[in-house]
Amino acid sequence: MPNEAERRQCTENIISEDYGDFILEDYFPEQVETIPANYCSQEVNSRYLSFYVPRQLWAPLSFSSAPYVSVPKLFTPQDSTSLTVSGITQVRQSALGLTGEGVIVGIIDTGIDYRNPVFRNPDGSTRILAIWDQTINDGPLPGVFSYGSEYRREQINEALQSPDPYAVVPSRDTEGHGTFLSGVAAGSDMPENQFIGAASKASIVMVKLKPAKQYLRDFFAIQPNVPAYQENDIMLAVAYLQQLQQEFDMPLVVLCSMGTNWGSHSGLSPLSQTLAMMLERPAISAVVPVGNESGLGHHYEGKISEEGGYQDVEIRVAPDERGFQLELWSIVPDRFTVSILSPGGDFVPQIPARLGENQRITFPLEATTVDVSYRFLEVRANNYLAVMRFLTPAPGVWTIRVYNMNFVTGMFNMWLPCQGFIREETAFLNPNPNTTLTVPSATEKVLSVGAYNHNNGGIYIRSGRGYTTLGAIKPDLVAPGVDVYGPGLHGQYIRRSGTSVAAAIAAGAAACMLEWGVVRKNRPWMNNNFIRATLIQGARRNPNLTYPNREWGYGTLDLYNTFNSFS
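Rules used in this analysis
Residues numbered from 1 in each chain as written. Predicted model: local features only at pLDDT ≥ 70, side-chain atom pairs only at ≥ 80, totals over all residues. Heavy atoms only, no water. Helix = DSSP H or I, 4+ residues; strand = E, 2+ residues; numbered from the N terminus. Areas by Shrake-Rupley, 256 points an atom, 1.4 Å probe, with all protein chains shown as cover. Lys, Arg positive; Asp, Glu negative; His and termini not counted. Charge placed at Lys NZ, Arg CZ, Asp CG, Glu CD. Buried < 20%, exposed > 50% of the residue type's maximum accessible area, 1.4 Å probe, protein only. Contact = heavy atoms within 4.5 Å. Polar contact = N/O pair within 3.5 Å; in protein donor to acceptor, adjacent residues only side chain to side chain. Pairing = 2+ DSSP bridges. Disulfide = S-S within 2.5 Å. Phe/Tyr/Trp six-rings, centres within 6.5 Å; stacked < 30°, edge-to-face > 60°. Lys NZ or Arg CZ within 6 Å of the ring centre and 35° of its normal. Axes fitted to C-alpha atoms, helices over the stretch in contact; angles between N-to-C directions. Parallel < 35°, antiparallel > 145°, perpendicular 65-115°, else oblique. 1 Å grid on protein atoms, 1.4 Å probe; cavity = no way out; pocket = protein on both sides within 12 Å on 5 of 7 lines; lining within 4 Å. Points joined across faces, edges and corners; volume = space filled by probe spheres on them. Nonpolar A, V, L, I, M, F, W, Y, C, P; charged D, E, K, R; others polar.

A. Spotlight on the overall build of the protein. When helices and strands are tallied, the protein shows 13 helices and 27 strands. With respect to the principal axes defined by its C-alpha atoms, the protein has extents near 70 × 65 × 40 Å. In the structure as shown, the protein presents an accessible area of about 20,700 Å², 49% of it carried by carbon and sulfur atoms. One way to put it: in the protein the 42 positive side-chain charges average out to a point 4 Å from where the 55 negative ones average out.

B. Local environment of helix 12 (residues 528-538). In terms of burial, helix 12 is a largely internal element, 8 of the 11 residues being buried. Next to the buried residues of helix 12 lie strand 12 (284-289), strand 24 (447-452), strand 25 (477-480), helix 11 (499-519) and helix 13 (559-566). The N-cap residue of helix 12 is N527: its side-chain oxygen and the backbone nitrogen of N529 are 3.2 Å apart.

C. Molecular detail of the pairing of strand 8 (residues 203-208). In terms of residue burial, strand 8 counts as a mostly covered element, since 6 of its 6 residues are buried. Here strand 8 shows no split at all, with S203, V205 and V207 on one side and I204, M206 and K208 on the other all buried. Strand direction decides the pairing type here: strand 5 (residues 104-109) and strand 8, joined by 6 bridges, are parallel. Paired with G106 across the bridge in strand 8 is V205. Pairing analysis gives 5 bridges linking strand 6 (residues 128-133) to strand 8, with the strands arranged parallel. In the strand pairing of strand 8, I131 is matched with M206.

D. Spatial organisation of the state of the cysteines. Inspection of every chain in the model, using the stated rule, returns 1 disulfide. Here C10 is linked by a disulfide to C40, with a sulfur-sulfur distance of 1.5 Å. With C10 in helix 1 (residues 4-15) and C40 in the loop between helix 2 (29-34) and strand 2 (41-43), this pair connects stretches of sequence that are 30 residues apart. According to the relative accessible area criterion, C40 is buried, its value standing at 9%. Of all cysteine sulfurs in the structure, the one in C418 sits closest to C256, which takes part in no disulfide; the separation is 13 Å. With a relative accessible area of 1%, C256 lands in the buried category.

E. Examining the packing of aromatic side chains more closely. On inspection of all chains with the given rule, the structure shows 27 aromatic pairs. Both rings, one in F63 and one in F219, keep their centres 5.4 Å apart while their planes meet at 80°; by these two values the pair is edge-to-face. For F63, a relative accessible area of 2% translates into the label buried. Classification of F219 as buried rests on a relative accessible area of 6%. One aromatic cluster in this structure is built from F63, Y68, F219, F220, W262, W329 and F421. The side chain of R172 reaches across the aromatic face of Y166, ending 3.5 Å from its centre. Residue placement shows R389 over the ring face of F219; its charged tip is 3.9 Å from the ring centre.

F. Local environment of the environment of F336. One can find F336 in strand 16 (residues 336-341). Expressed as a C-alpha distance, the spacing of F336 and G308, which sit 28 residues apart in the sequence, is 9.6 Å. Residue contacts for F336: discarding those within four places in its chain leaves I304, L328, S330, Y374, Y384, V402, Y403, N404, M405, G410, M411 and F412.

G. Fine view of the packing of helix 12 against helix 13. As a packed pair, helix 12 and helix 13 sit with axes 8 Å apart at the nearest point and diverge in direction by 100°. It follows that helix 12 is roughly perpendicular to helix 13 by the angle criterion. When helix 12 is examined against helix 13, the residues F530, T534, L535, Q537 and G538 are found in contact with a partner set consisting of L559, N561, T562, S565 and F566.

H. Structural detail: empty space enclosed by the protein. If you add up the space inside the largest cavity, you get close to 40 Å³. If you go around the largest cavity, the residues you meet are S62, F63, F219, N358, D371, V372, S373, V387 and R389. Listing elements by their share of the lining of the largest cavity, those giving two or more residues are strand 19 (368-377) and strand 20 (383-391). Ranked by residue count, the leading element in the lining of the largest cavity is strand 19, at 3 residues. Looking at the lining of the largest cavity, its residues break down into 4 nonpolar, 3 polar and 2 charged.

I. Representation of the sheet that holds strand 12. One open sheet holds the 8 strands; their spatial order is 7-6-8-5-10-12-24-25, and the pairing between them is mixed. The outermost strands of the open sheet, each flanked by one partner alone, are strand 7 (149-152) and strand 25. The average angle at which neighbouring strand axes cross in this sheet is 25°, direction not considered. Bridge count between strand 5 and strand 10 (residues 252-256): 5 bridges; the pairing is parallel. Across the sheet, the residue bridging to I107 is L255, located in strand 10. Along the sheet, helix 9 (residues 231-248) contacts strand 5, strand 6, strand 7, strand 8, strand 10 and strand 12; its crossing angle with strand 5, the most-contacted strand, is approximately 165°. In the packing of helix 10 (residues 270-278) onto the sheet, contacts are made with strand 10 and strand 12, and the angle to strand 12 comes to roughly 150°.

Shown next, in the form of structure tokens:
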């Protein structure tokens, strides 16, 4: 293990805009030895390595200078009486009396307001085991990781007793998203505020993600002031939570509330695989929201009936759109190329398939450039990808003509970036409403949660719809996610909607199951497969609907009915 000075040098590389972040997949130990010392690396697990390279060696970034998978994708938070309809209150009030005690709920988000009474025990001490704040770099380093600062329970209790808490533990949640989800998943009983968390006695660990580097925001043309976080930082957050789970020897629920549209939507991204690898161990569960992409026009599904045929895909681009990355995915041996027609009538004919090469197309009259790259991604599955990066696109309707170059099924899917990363008006003119769940919710092993309105029984209008591109059933189920009540900043209580809120409730339910199974030794071997299967089994189903369902999965979360079904 590197010494303190070496790790501090690595800190500078990790946070500096002069260094680029890359994800190395299926590396070998001897590869790490060949990485120059000034590059710096962080191991996620036995499959993935995050490493940091001086930008002067490869700038400008493109998918010809770096493999698609190695460039960290950017993620954003998935949102924007509920316990009773989910069967959690009934389980608490029953002979089981489950509250998540003895279980860690680990949240990867925007931070936590540790001063809020909702995160304290009755004696005023904290229920937070640890905070890894990736944005602060002058405090204690977290375990084997070389950036950010870690604050343990003892320091947080010291801060709570101090007249100046932030002088002791300077970590803050300025967004409020992480505080809200932590409260919904694992907040204490606050009868004076008519609030209880789903797992009100669980221990809490928060990873506050550092914002994405500016060079990646520029590469993906992210709109200013929109929260964006890097895939490799989220992967390292997962590794950190596993580290604490082993240290404290406690069951763990991981709530990862971030999502993106970049990727195959088949559960094969580096973050998806990191979560899947974690879930191979017992006493760990992972809960992920399916996102809020339904009805936004960001997904297109096409089928070309013969080799050499084509299909026109129209995209309305909003005024003042900074840019966007459009992705076309298919399963090998189906292979496609594209031509592009601008709103002003400039036509670029079929762009040849030069695999791995970045081809820059210019539309000088409209001050627009489009980078086109075709590639095979065969590490986990035989996927074919066509990436189109639009920079300063002219407003109006752009037409992408998709040609079938090797007909087998003729099927392809296309995605625009998720909500927030592009203007609201930018959308496909003829979108497909299905397969609008975000990455990493397509991961087979995680509990993927959609949202419904528990006040009227209807699906949340923005809740992502399944299935995955490989036909796996997602979402697994839905939980309350409309106008849910929870803690905000400055001691206030607010209401939020979104699938991340629904996932927080489901994470609390998973913590209660781990308490019953592992802590109380009713099912010491309990793993995520058991939790996911039994929650699906106990879900309430509407007799007027067919299941599994692209919107509802296998039904609505009902923890009480889950215990009735197997205990």
